[in-house]
Amino acid sequence: MLRPKIPTNPLPTGIVSPLVIEPTVIEQRPQQIPATPPVPVPTALAPAQSRPTVQLTPGALLTVIGGGTAVVLVVGTVLVSMLLAVAVTAASVAICALVIRSLMASNNHR
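My aim in this report is to walk through the structure given alongside it, one point at a time. (Residues numbered from 1 in each chain as written. Predicted model: local features only at pLDDT ≥ 70, side-chain atom pairs only at ≥ 80, totals over all residues. Heavy atoms only, no water.)

1. Some thoughts on the overall build of the protein chain
Thinking step 1. If you tally the helices and strands in the protein chain, you get one helix and zero strands.
Thinking step 2. Here the protein chain, with 110 residues, has 0% of them falling under the buried criterion.
Thinking step 3. Counting only carbon and sulfur atoms, one obtains 69% of the accessible surface of the protein chain, whose full area is about 11500 Å². (Helix = DSSP H or I, 4+ residues; strand = E, 2+ residues; numbered from the N terminus. Buried < 20%, exposed > 50% of the residue type's maximum accessible area, 1.4 Å probe, protein only. Areas by Shrake-Rupley, 256 points an atom, 1.4 Å probe, with all protein chains shown as cover.)

Right, dumping it as C-alpha cells:
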C-alpha cells in the first residue's frame, strides 16, 4: 500500500541512431544486391541550453527590487492587521467574561 510505484518510460530518451542491418550473402546462392548510397550517420549536435540566461538591466533590477519591497510591505500590513484583530477580539471576550462573572457573583450574594 505504501510502496512507491516507479513509472516506466516506454519511449527512449536522448539521441537515437537508426539501426542499420547489413544484408548477408549466402554462399550457396549468390544474390545481386543493388547498390544503395551509404546512409549518412547523424552527427552529434551541440547540446542546447536547458534554460535561457536572464540578464537584468539596472532599470529592470530596480523595478524587481521595488516590486518585491511593495509585496513584503503589503503582506506584512495584512498579517499585522489580522493579528491586531485577533488580539482586540480576545480582549473584548475576556472583558465580557469578567463582566458576566461579576454579575453572576453579585446575583448570588443578594
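Moving on from the coordinates now.
2. Some words on a nonpolar patch on the surface
Thinking step 1. A cluster of nonpolar residues, V71, V74, V75, V78, L79 and M82, forms a patch on the protein surface that exposes about 550 Å² of accessible area.
Thinking step 2. Following the sequence through the fold, V78 ends up in helix α1 (residues 58-109).
Thinking step 3. Under the relative-accessibility criterion, V78 is labelled partly exposed at 42%. (Patch = residues over 30% accessible without salt bridge, like charges linked within 9 Å, V, L, I, M, F, W, Y side chains within 5 Å. Salt bridge = Lys/Arg side-chain N within 4 Å of Asp/Glu carboxyl O.)

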